[in-house]
Amino acid sequence: SEYGEQVFACMSRYYYKKKDLQRFERYARHLGKYPGTEAELNYMAGKLNYMAGNYQNAYNHFLPLSRLKSVQGTEALYFIGLYNLLVSKNNKASMGIFTKLIDMEEAPESVKRKSLIQCAILYREMNDNDKSLECLKKVLSVQHRSMTYIQAINLLDAYGFEGK
């Protein structure tokens, strides 16, 4: 019908916000039949699957999205980095992705800061305290207090970097 796409889009977004993966998927299947909806659907499906612990499904949704030059694309690339770190246990691949995100001009600052936190943890695990501290200082150089700011302060304390 004339309003089908709008209805399916609204319902998909509604169930995404409610974090109801099962109902989201029902409406997303219908919305996916309309061209131009793939990026948003992959993003929402990836996040819902990630939150539900369905990491392989999340990865499958984030992978095609990570190739796009968009905010959602950089966010998807961040989740691919987490997947490599936490599921595949591939620290080298994760570090490469997080470093790439930090250097990306188009990446939102929030994604860059989250990537810096991950790099700080990875450098610490590799016993490179100088690089770990450098990453944390970059996060703390931001004026506003955010979740990553608090994480950086907690990591400074946990790693014994307080006076540095």
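Sequence order as written defines residue numbering, which begins from 1 separately in each chain. Local features are withheld for residues below a pLDDT of 70 in this predicted model, meaning they are given only at 70 or higher, and side-chain atom pairs are given and counted only at 80 or more; totals for whole chains, interfaces and linings count all residues. Excluding hydrogens and water, the side-chain values take into account all heavy atoms of the structure.

> Mind showing me how you'd approach a nonpolar patch on the surface here?
The patch calculation keeps residues exceeding 30% relative accessible area without a salt bridge and links them within 9 Å when they carry like charges or within 5 Å when they are nonpolar (Val, Leu, Ile, Met, Phe, Trp, Tyr). A 1.4 Å probe and the Shrake-Rupley method give the accessible areas. Residues count as covered only by the protein chains that appear here. We count a salt bridge whenever a side-chain nitrogen from Lys or Arg sits within 4 Å of a carboxyl oxygen from Asp or Glu. Together, Tyr 55, Leu 86 and Val 87 give the surface a local cluster of nonpolar side chains, amounting to about 260 Å² of exposed area. In this scheme, a residue with accessible area under 20% of its type's maximum is buried, one over 50% is exposed, and one in between is partly exposed, where area comes from a 1.4 Å probe on protein chains only. Taking the relative accessible area as the measure of exposure, Tyr 55 reaches 35% and is therefore partly exposed.

> Even after reading the chapter, I still don't get the nonpolar core, so can you show me in this structure?
Across soluble globular proteins, nonpolar side chains show a tendency to be buried alongside one another. Membership of the largest hydrophobic core comes to 47 residues, with the highest contact counts inside it found for Phe 24, Phe 62, Phe 98, Leu 101, Cys 119 and Leu 136. Note on contacts: a residue pair is in contact if any heavy atoms of the two residues lie within 4.5 Å. Leave out the neighbours within four places in its chain, and Cys 119 touches Met 95, Phe 98, Thr 99, Ile 102 and Cys 135. Among buried residues, the Ala, Val, Leu, Ile, Met, Phe, Trp, Tyr and Cys ones that are joined through side-chain atoms within 4.5 Å form a nonpolar core.

> I tried to follow the packing of aromatic side chains on my own but got confused; where do I start?
Two aromatic rings, taken as a pair, are described by how far apart their centres are and by the angle between their planes. The aromatic pairing rule takes the rings of Phe, Tyr and Trp, using the six-membered ring of Trp, and pairs them if the centres are within 6.5 Å, calling planes under 30 degrees apart stacked, those over 60 edge-to-face and the rest tilted. Scanning the model with the defined rule gives ten aromatic pairs in all. Taken together, a centroid distance of 5.6 Å and an interplanar angle of 50° make the contact between Tyr 78 and Phe 98 tilted. Separated by 20 residues along the polypeptide, Tyr 78 in helix 5 (residues 71-86) and Phe 98 in helix 6 (residues 91-103) bring together distant segments of the chain. Phe 98 shares its class with Tyr 78; the two are buried. Taken together, a centroid distance of 5.7 Å and an interplanar angle of 70° make the contact between Tyr 159 and Phe 161 edge-to-face. Residue Tyr 159 shares its accessibility class with Phe 161, and that shared class is buried. Every member of this aromatic cluster is reached through a ring pair, and the members are Tyr 50, Tyr 55, Phe 62, Tyr 78, Phe 79 and Phe 98. Ring-over charges, as used throughout, are those where CZ of Arg or NZ of Lys falls within 6 Å of the ring centre and within 35 degrees of the ring normal. The side chain of Lys 114 reaches across the aromatic face of Tyr 78, ending 4.6 Å from its centre. We count a stretch as a helix when DSSP gives it H or I for four or more residues in a row; a strand needs E for two or more, and each element gets its number in order from the N terminus.

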